[in-house]
Amino acid sequence: MFRFAMMAAILGLAVSFPAMADTRIGVVDLRQALFSSNEAKTFSERLQQDFADDEAQVRQAQEEARKLKDRLEKDGAMMNESERTELTGQFQEKVKEFNFLKQRLDSTVANRKQSFLEEARPDVDAAVKELLEEHDLDMILPSEAVVYVKPEMNLTDELLEKLNR
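Rules and cut-offs
- Residues numbered from 1 in each chain as written.
- Predicted model: local features only at pLDDT ≥ 70, side-chain atom pairs only at ≥ 80, totals over all residues.
- Heavy atoms only, no water.
- Helix = DSSP H or I, 4+ residues; strand = E, 2+ residues; numbered from the N terminus.
- Buried < 20%, exposed > 50% of the residue type's maximum accessible area, 1.4 Å probe, protein only.
- Areas by Shrake-Rupley, 256 points an atom, 1.4 Å probe, with all protein chains shown as cover.
- Expected span 1.5 Å × (residues − 1).
- Contact = heavy atoms within 4.5 Å.
- Salt bridge = Lys/Arg side-chain N within 4 Å of Asp/Glu carboxyl O.
- Patch = residues over 30% accessible without salt bridge, like charges linked within 9 Å, V, L, I, M, F, W, Y side chains within 5 Å.
- Lys, Arg positive; Asp, Glu negative; His and termini not counted.
- Charge placed at Lys NZ, Arg CZ, Asp CG, Glu CD.
- Axes fitted to C-alpha atoms, helices over the stretch in contact; angles between N-to-C directions.
- Parallel < 35°, antiparallel > 145°, perpendicular 65-115°, else oblique.
- Left-handed = near helix turned anticlockwise from the far one by under 90°.
- Phe/Tyr/Trp six-rings, centres within 6.5 Å; stacked < 30°, edge-to-face > 60°.

**Q** Please give an account of the overall build of the chain that cites residues and values.
**A** Scanning the chain for helices and strands turns up six helices and two strands. When the elements of the chain are put in sequence order from the N terminus, they spell out α-β-α-α-α-α-β-α. Taking all 165 residues of the chain together, 22% fall into the buried category. Looking at the chain as shown, the accessible area adds up to about 12200 Å², and 55% of this sits on carbon and sulfur atoms.

**Q** Go over helix 4 (residues 52-75) with me, naming the residues and quoting the values.
**A** In a regular helix each residue adds 1.5 Å, so 24 residues correspond to 34 Å; helix 4 covers 34 Å between its end C-alpha atoms and thus fits that length. Taken as a whole, helix 4 has its buried residues at V58, A61, A65, L68 and L72. Those residues of helix 4 that are buried are in contact with helix 5 (81-134).

**Q** Would you mind going over the pattern of salt bridges in detail, with residue names and values included?
**A** Tallying each qualifying case throughout the model produces 13 salt bridges. In this structure, E81 and R84 form a salt bridge, with 2.9 Å as the shortest nitrogen-oxygen distance. Here the residue E81 and the residue R84 both occupy positions in helix 5, the gap between them amounting to three residues, near one helical turn. D106 serves as the salt-bridge partner of K102, at 3.3 Å between the closest nitrogen and oxygen. Placement of both K102 and D106 in helix 5 is noted, with a separation of four residues, approximately one turn of the helix. Look at K102 and you get partly exposed, because its relative accessible area is 34%.

**Q** Explain a negative patch on the surface to me, and be specific about the residues and the numbers.
**A** A surface patch of like charges, here negative, comprises E39, E118, E119 and D123. Structurally, E118 can be placed in helix 5.

**Q** Pulling in residues and values, what's your account of the packing of helix 4 against helix 5?
**A** Geometry of a packed helix pair, given as the angle between the helix axes and the separation of the axes. Running from N to C, helix 4 and helix 5 cross one another at 155°; their axes reach a closest spacing of 9 Å. As summarised for this structure, helix 4 and helix 5 are arranged roughly antiparallel, according to the angle between their axes. The crossing of helix 4 and helix 5 is left-handed.

**Q** Describe the packing of aromatic side chains, and please don't skip the residues or the numbers.
**A** If you walk through the whole model with that rule in mind, you get two aromatic pairs. With a centroid separation of 6.5 Å and an interplanar angle of 40°, the aromatic rings of F35 and F116 are classed as tilted. Separated by 81 residues along the polypeptide, F35 in helix 2 (residues 30-36) and F116 in helix 5 bring together distant segments of the chain. For F35, a relative accessible area of 35% gives the class partly exposed. Centre to centre, the rings of F43 and F116 are 4.5 Å apart; their planes meet at 15°, and the pair counts as stacked. Of this pair, F43 sits in helix 3 (residues 38-50) while F116 sits in helix 5, and the two are 73 residues apart along the sequence. Each member of the pair, F43 as well as F116, carries the same accessibility label: buried. These aromatic residues form a ring-pair network of at least three members: F35, F43 and F116.

So, to be careful, I would describe these as geometric facts and stop short of saying anything about function.
Shown next, in the form of structure tokens:
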């Protein structure tokens, strides 16, 4: 039984090697091409503008928490227990505020980026299909799945050009 399974595996490999020899494969770095595109740069600038106030609030909360912490470390030993407890409470509240604002900002930005990716998906798919046809390829793999590729088979720059049209 084992010999039969081994022979079947060897036969399967022997049959698949000639088919693989004729397979033409291209490679693209989808993330690099998409995030280097003109549309992504415009999106990034718009994102920075839209969230500049929120980022300022986060930085302000962080700075206020840092100042409270510094004051606690510097003057805490000289304060009476009630002052130290009050300052510690203020510090903890400021840290909570910072964490809340940062998490809200990060979540909102991540949602906007995900929306951008979903909107860009049809354009990326169309550009990849064009590359497939232009280069007479059987498949295009993401660069993350490839250990090495000949430079002429890396089609990332061409993909970027197509996305920028």
